[in-house]
Amino acid sequence: MSRSITKFVRLSPTKARLIAREVQGLNAEFALASLSFMPNKGAKFIANAISSAVANGGFEPEEVVVTSCRVDAGPVLKRFRPRARGSASRIRKPTSHILVEVSKPQSKEA
């Protein structure tokens, strides 16, 4: 088993989790191929984390499975925008931490 962590990605964790659920349990090669056709911003970051986890273990993408793809919330950058009558409103810019684990599939012996 090998893993990869991508920290402080400027993407909302809720948006990234939608992509992470799609690739859990898939073959790493198939997951990377399907992520390359997704239009979401998070797909690029998750694909990068999967390929990094595969390389960290010294595997080939066709021989491993994505066992876990987890997205945790990182710190939130807080900015302010001026509004009417001298007031201000807060703008939240969330960040994410993406953790991907890959391992070789267990063979079922009868």
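Described below are features of the structure shown in this document.

Scoring rules and cut-offs
Residues numbered from 1 in each chain as written. Predicted model: local features only at pLDDT ≥ 70, side-chain atom pairs only at ≥ 80, totals over all residues. Heavy atoms only, no water. Salt bridge = Lys/Arg side-chain N within 4 Å of Asp/Glu carboxyl O. Helix = DSSP H or I, 4+ residues; strand = E, 2+ residues; numbered from the N terminus. Polar contact = N/O pair within 3.5 Å; in protein donor to acceptor, adjacent residues only side chain to side chain.

### Thoughts on the pattern of salt bridges
Right, so step 1: For the coordinates displayed, the defined rule picks out two salt bridges.
Right, so step 2: With a closest N to O distance of 4.0 Å, R3 and E101 form a salt bridge. With a gap of 98 residues between them, R3 in strand β1 (residues 2-9) and E101 in strand β3 (residues 88-103) connect regions that are remote in the sequence.
Right, so step 3: Between D72 and R70 there is a salt bridge, and its shortest N-O distance comes to 3.3 Å.

### Regarding the side chain of S4
Right, so step 1: With respect to the helices and strands, S4 occurs in strand β1.
Right, so step 2: A polar side-chain atom of S4 sits 3.4 Å from the main-chain carbonyl oxygen of A49.
Right, so step 3: Of the polar contacts made by the side chain of S4, one reaches the side chain of S52; its length is 3.4 Å.

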